[in-house]
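# Observations on chain architecture
Letter by letter, the chains look like this.
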Amino acid sequence: MKQHVIGMFDSGVGGLTVMKEILAQLPELQIIYFGDTARVPYGNRSREELISFGEEIISFLIAQGAEAVVIACNTSSANALPVLKEQFNLPLIGTIEPGARAAVRATENGKIGLIATEATVRSKAYNSAVKRVLTKGVFPKKDELREAWQMEETVIEVVRAQACPLFVPLVEAGLAHSPEARGIARTYLAPIQEVGADTLILGCTHYPYLAPVIREIMGDRITLVDPAQAMVEELKEVLQQLESNDGNDEECFDGHRFFVSGDPALFEQVGNTLLPGLIHDVKQVSWHV
């Protein structure tokens, strides 16, 4: 079987949460990861900037041999993915649709909360995606809620979308479990608690680093949805398509490769807290900022 090479990118270390999930289920893949750490955070960027960044990074990943690209960034997925899909002739997988599907399946009261970057919240991409997956026949697991929605007796929607602009800088600085993170998280999560959401989408790939803090504050009554798990299912479908188009030539696995636009040492330090020992020999790519 051919060794497939998958490109991934994020504004920083956040996308490594997606990489961890992919490797747990698809350990045979070779991943080329790009962290745009010189331009992190993406949450305050314009749509035009995000499209431009995506064009540059995807072109770089293709030049490195990527056969498909996982956009492991909710902000880019929400604002740039539709345009990027028109520009590149290879599979591109984003976070929004998989995350929306997982949230709809998980909710028991129809109230879905979202924490994300300012740009993702502003785009309302998750709000639209929840409505879209419902029309495609994705329903909650709970029979009563599914039947009530089908009879139009209840609504399933994102009831609160909360921007959390300080979360990404905290994670990038290695402070995800600090007292500062706990204090900031309590402020951000209070509106989600007030609306009674039973499901919370972690709408930024950096946020799983903060999952223990979020769980501590929200308690066990709320389900945390990490889109990464649903993204792996979509990637499996892409790999099946690639297999059908390829021969059976075997290729040697020569290790995952990591590139950043900023400080390689800081990326390696923070990244290895999530993927111990996996990240080394990080290369810096000169990038205009």
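Up top you'll find the structure we're talking about.
Notes on the structure in this doc start here. Here the structure is a predicted model, which means the values were calculated and not measured.

Reading guide: rules and limits
Residues numbered from 1 in each chain as written. Predicted model: local features only at pLDDT ≥ 70, side-chain atom pairs only at ≥ 80, totals over all residues. Heavy atoms only, no water. Core = buried A, V, L, I, M, F, W, Y, C linked by side-chain atoms within 4.5 Å. Buried < 20%, exposed > 50% of the residue type's maximum accessible area, 1.4 Å probe, protein only. Helix = DSSP H or I, 4+ residues; strand = E, 2+ residues; numbered from the N terminus. Contact = heavy atoms within 4.5 Å. Phe/Tyr/Trp six-rings, centres within 6.5 Å; stacked < 30°, edge-to-face > 60°. Lys NZ or Arg CZ within 6 Å of the ring centre and 35° of its normal. Pairing = 2+ DSSP bridges.

### Some remarks on the nonpolar core
Within soluble globular proteins, side chains that are nonpolar tend to cluster in buried spots. Counting 57 residues, the largest nonpolar core has Leu16, Ile22, Val70, Ile115 and Phe167 as its most contacted members. No other element matches the 7 residues that helix 12 (residues 227-245) contributes to this core. Dropping the residues within four chain positions of it, Ile115 is found in contact with Gln162, Cys164, Phe167, Leu189, Ile192, Leu200, Ile201, Leu202, Gly203, Cys204, Tyr207 and Ile214. The next biggest cluster of nonpolar side chains, apart from the first, holds 26 residues, and it includes Val5, Ala66, Leu92 and Trp287.

### Some words on the packing of aromatic side chains
Two aromatic rings are characterised by how far apart their centres lie and by the angle between their planes. Counted under the stated rule, the structure contains 8 aromatic pairs. On the numbers, 5.7 Å between centres and 40 degrees between planes, the contact of Tyr33 with Phe267 is tilted. Of this pair, Tyr33 sits in strand 2 (residues 30-35) while Phe267 sits in helix 13 (residues 264-274), placing them 234 residues apart in sequence. This pair shows no difference in class: Tyr33 is buried, exactly as Phe267 is. Plain terms: the ring middles of Tyr42 and Phe53 are 5.5 Å apart, the flat faces sit at 40 degrees to each other, and that makes the pair tilted. One end of the pair, Tyr42, is in the loop between strand 2 and helix 2 (47-63); the other, Phe53, is in helix 2, with 11 residues separating them in the sequence. The exposure classification of Tyr42 matches that of Phe53, with both residues buried. Members of the aromatic cluster, connected to one another through ring pairs, are Tyr33, Phe258 and Phe267. Here the guanidinium or amino end of Arg39 rests over the ring plane of Phe53, the centre of that ring lying 3.7 Å away.

### Re the pairing of strand 3 (residues 68-71)
Alternating residues of strand 3 divide into Ala68 and Val70 and Val69 and Ile71, and every residue in both groups is buried. Pairing of strand 1 (residues 5-10) with strand 3, which is carried by 4 bridges, proceeds in the parallel orientation. When the sheet's bridge partners are listed, Phe9 is paired in strand 3 with Ile71. As paired elements, strand 3 and strand 4 (residues 92-93) share 2 bridges and run parallel to each other. In the sheet register, Val69 faces strand 4, and the bridge partner there is Leu92.

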